[in-house]
Amino acid sequence: MRKAKLRALLCQVGELNERELDELFDAVQKRQSATKALRVVENARWPLSCPSCHTERIVRNGRARGLQRYLCRACGRSFSALTGTALAGVHHKERLHAFAECMSRGASICDTAAELKISPSTALRLRHRFLNSITEHQPKALNGMVEVDETFFRESFKGARKLPRESRHRGKSKPKKGAPKGPSKDLIPVLVARSRGGPYVADVVLPSLSRTDIKAALAPIVGPDTLLVADGSGSIASAAKDLGITFEAVPTSYGGHVRGTYHVQTVNQYHSRLKGWINHELRGVSTKHLPKYLAWMRTFAWYQDKPKPEIYLISALGKQLINTF
Ligand SMILES: [Zn+2]
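Residues numbered from 1 in each chain as written. Predicted model: local features only at pLDDT ≥ 70, side-chain atom pairs only at ≥ 80, totals over all residues. Heavy atoms only, no water.

J.: It is not clear to me how the nonpolar core should be interpreted in this structure. Could you clarify?
T.: When a protein is soluble and globular, its nonpolar side chains tend to lie buried together. In this structure, F130 and W296 are the most contacted members of the largest nonpolar core, which totals 55 residues. The element contributing the most residues to this core is helix α9 (residues 290-302), with 8 residues. Residues within four places of W296 in sequence aside, it is in contact with M103, G106, A107, R127, L131, I134, W277, L282 and Y312. Formed by 21 residues, the second largest nonpolar core is a distinct cluster that contains L142, L218, L228 and I236. (Core = buried A, V, L, I, M, F, W, Y, C linked by side-chain atoms within 4.5 Å. Buried < 20%, exposed > 50% of the residue type's maximum accessible area, 1.4 Å probe, protein only. Helix = DSSP H or I, 4+ residues; strand = E, 2+ residues; numbered from the N terminus. Contact = heavy atoms within 4.5 Å.)

Following this line, the structure appears as structure tokens:
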């Protein structure tokens, strides 16, 4: 806007009554929220380089839908800060910040869709764009005491058009009396490792609880000075032995999982929060999308339940903000 026009607009503010001032304030707030996400994205991506040839020989080339566009002098391509990221081609860019705000609260799809006035399917697709970019953000080579324990989620085909098995009915979900003990076939194991005294959490969906699968899951997480504490599970102990790391077992029968400073209470607390949120607040998630939701929960652990909306926007640009060193 030209300076003269802005000055004229500001002069009129003095003539507004209280109701008109409120309306103006609302309009300004809406406008600010619409551009907030785009400013966060543009600032986080700077200095920009061409996504095609990676040169920094770029010049500004006008604006489109609130975003600055650039032209590459080397290859002649035009792009913006969102080109080549998980948020490229997203409609309703003005709602991105409000959407990220819903994610920072762990809001359900229905609540998010109602708040942003978008359809639930749009909200789900957008959520998965954000979650895809953080799914692989696990810690690496954790040192010190690390509690490890497995938990289980019921296999779910939520959202699938056809079920590969008979649908479950109420009252049939619990195992019958006299049924063999141990995890049933439709339980999906998730191995959770949580470092004691740090916000590092790793959780991996496992094909099985075999020694080989646990070893493969633990290998990138543990470091040479890791002290692994688990509840005496044979497979975890064997995997720790294979990896050559110190292992302390706290058997279930051992006074409620505590032996001196060794216990698995931190990781068990994390399990109950994770399961409460996924099974009750989100009403279950599809097994194929489970790793994404585990990653979402890791953002809450890392930011002590107060993740800012901006972290989801910046992560969607390809930056790892959680489980970093
Ligand atoms: Zn280029």
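J.: What's the story with the packing of aromatic side chains in this structure? I'm lost.
T.: Given two aromatic rings, their pairing is described by the distance between the two centres and the angle made by the two planes. For the coordinates displayed, the defined rule picks out 7 aromatic pairs. Look at W277 and W296: their rings are 5.0 Å apart centre to centre, the planes differ by 80°, and that puts the pair in the edge-to-face class. Separated by 19 residues along the polypeptide, W277 in helix α8 (residues 265-281) and W296 in helix α9 bring together distant segments of the chain. In terms of burial, W277 and W296 fall into one category: buried. (Phe/Tyr/Trp six-rings, centres within 6.5 Å; stacked < 30°, edge-to-face > 60°.)

J.: Looking at this structure, how should I read the pattern of salt bridges?
T.: For side chains bearing opposite charge, pairing can occur when the charged atoms are close. Using the criterion set out here, one finds 9 salt bridges in the structure. Residue R273 pairs with D305 through a salt bridge whose shortest N-O separation is 3.1 Å. Of the two residues, R273 sits in helix α8 while D305 sits in the loop between α9 and α10 (309-315), which places them 32 residues apart along the sequence. Judged by relative accessible area, D305 falls into the partly exposed class, the value being 42%. Salt bridges here are not isolated pairs; linked through shared partners, they connect E101, R105 and E115. (Salt bridge = Lys/Arg side-chain N within 4 Å of Asp/Glu carboxyl O.)

J.: Explanation requested: unusual backbone geometry in the structure shown.
T.: Glycine aside, residues mostly have negative phi angles, and peptide bonds mostly take the trans form. A positive phi angle, near 45°, is found at A141, a position not held by glycine. Here A141 lies in the loop between α5 (120-132) and β4 (142-154).

J.: Help me understand the sheet that holds strand β2 (residues 67-72) in this model?
T.: Within a sheet, adjacent strands bond to each other through the backbone by hydrogen bonds, running parallel or antiparallel. The strand order β1-β2-β3 describes an open sheet built from 3 strands, whose pairing is antiparallel. Each edge of the open sheet carries a strand with a single partner, namely β1 (58-64) and β3 (78-80). Averaged over all adjacent pairs, the angle separating strand axes in this sheet is 35°, with direction ignored. Bridge count for β2 against β3 is 3 bridges, and the pairing is antiparallel. Following the sheet pairing, L71 is matched in β3 by S78. (Pairing = 2+ DSSP bridges. Axes fitted to C-alpha atoms, helices over the stretch in contact; angles between N-to-C directions.)

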